[in-house]
Amino acid sequence: MKSVLSEMEASGLLDASGAERVRPLLAGGKQLDEALVSSGVLSEEQALRFLAQKFGVPFIELSDAELAREFLQKFPVRILLKHRLLPIRFENEAVLVASARLFD
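Residues numbered from 1 in each chain as written. Predicted model: local features only at pLDDT ≥ 70, side-chain atom pairs only at ≥ 80, totals over all residues. Heavy atoms only, no water.

Asker: Explain the packing of aromatic side chains to me, and be specific about the residues and the numbers.
Answerer: Within the structure shown, the criterion is met by one aromatic pair. Between Phe71 and Phe75 the ring centres are 5.3 Å apart and the planes differ by 75 degrees, which places this aromatic pair in the edge-to-face class. Directly above the aromatic system of Phe55 lies the positively charged group of Lys54, at a separation of 6.0 Å from the ring centroid. (Phe/Tyr/Trp six-rings, centres within 6.5 Å; stacked < 30°, edge-to-face > 60°. Lys NZ or Arg CZ within 6 Å of the ring centre and 35° of its normal.)

Asker: Help me get a handle on the layout of surface pockets, residues and values and all.
Answerer: Put simply, the largest pocket is a space of about 510 Å³. Lining the largest pocket are 21 residues, with Leu48, Ile60, Ala98, Ser99 and Ala100 positioned closest to its centre. Contributions of two or more residues to the lining of the largest pocket are made by α4 (44–55), β1 (85–91) and β2 (94–99). The element that contributes the greatest number of residues to the lining of the largest pocket is α4, accounting for five residues. Of the residues in the lining of the largest pocket, the class split is 15 nonpolar, one polar and five charged. Quantified by volume, the second largest pocket comes out at close to 150 Å³. If you trace the second largest pocket, you find it lined by Asp33, Glu34, Val37, Glu44, Ala47, Leu48, Arg84, Ala100 and Arg101. Sorting the residues of the lining of the second largest pocket by element identifies α3 (32–38) and α4 as the ones contributing at least two each. (1 Å grid on protein atoms, 1.4 Å probe; cavity = no way out; pocket = protein on both sides within 12 Å on 5 of 7 lines; lining within 4 Å. Points joined across faces, edges and corners; volume = space filled by probe spheres on them. Helix = DSSP H or I, 4+ residues; strand = E, 2+ residues; numbered from the N terminus. Nonpolar A, V, L, I, M, F, W, Y, C, P; charged D, E, K, R; others polar.)

Asker: Describe the environment of Leu36, with residues and values.
Answerer: Within the element layout of this structure, Leu36 appears in helix α3. C-alpha of Leu36 to C-alpha of Leu14: the two residues are 22 residues apart in sequence and 9.5 Å apart in space. Every residue in contact with Leu36, bar those within four places of it in the chain, is listed here: Leu5, Met8, Leu14, Val22, Val41, Leu42, Ala47 and Leu51. (Contact = heavy atoms within 4.5 Å.)

Asker: An account of the pattern of salt bridges is requested, with residue identities and associated values reported.
Answerer: Tallied over the full model, the rule gives six salt bridges. Glu7 is the partner of Lys54 in a salt bridge, and the nearest nitrogen-oxygen pair spans 2.8 Å. Of the two residues, Lys54 sits in helix α4 while Glu7 sits in helix α1 (residues 2–11), which places them 47 residues apart along the sequence. Overall, Glu7 belongs to the partly exposed group, its relative accessible area being 34%. In this structure, Arg23 engages Glu9 in a salt bridge whose closest nitrogen and oxygen atoms are separated by 3.9 Å. Here Glu9 lies in helix α1 and Arg23 lies in helix α2 (residues 16–27), a separation of 14 residues in the sequence. (Salt bridge = Lys/Arg side-chain N within 4 Å of Asp/Glu carboxyl O. Buried < 20%, exposed > 50% of the residue type's maximum accessible area, 1.4 Å probe, protein only.)

These figures capture arrangement, not role.
Structure follows, in structure tokens:
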């Protein structure tokens, strides 16, 4: 994760003092996305946008998603809540799922 922090610094998204606030949280076992947000150095959206681009994962604005109740009812609520998942739609014979937990 050190290289990702370095990339964030190089891009200007994170400064050296912000990176120093994140490192102890990472050492304590927090995932990178959580450490960035809980340290206060980035908003959740800033962190997730950067990480989505870095790891080639689509970033979805949930306000643009049309969620059908009938579609959502096909999934066990317990699993969706436990893993913080939100099924968005069926696409190309797969379910597109949103999650704010990139490393989960």
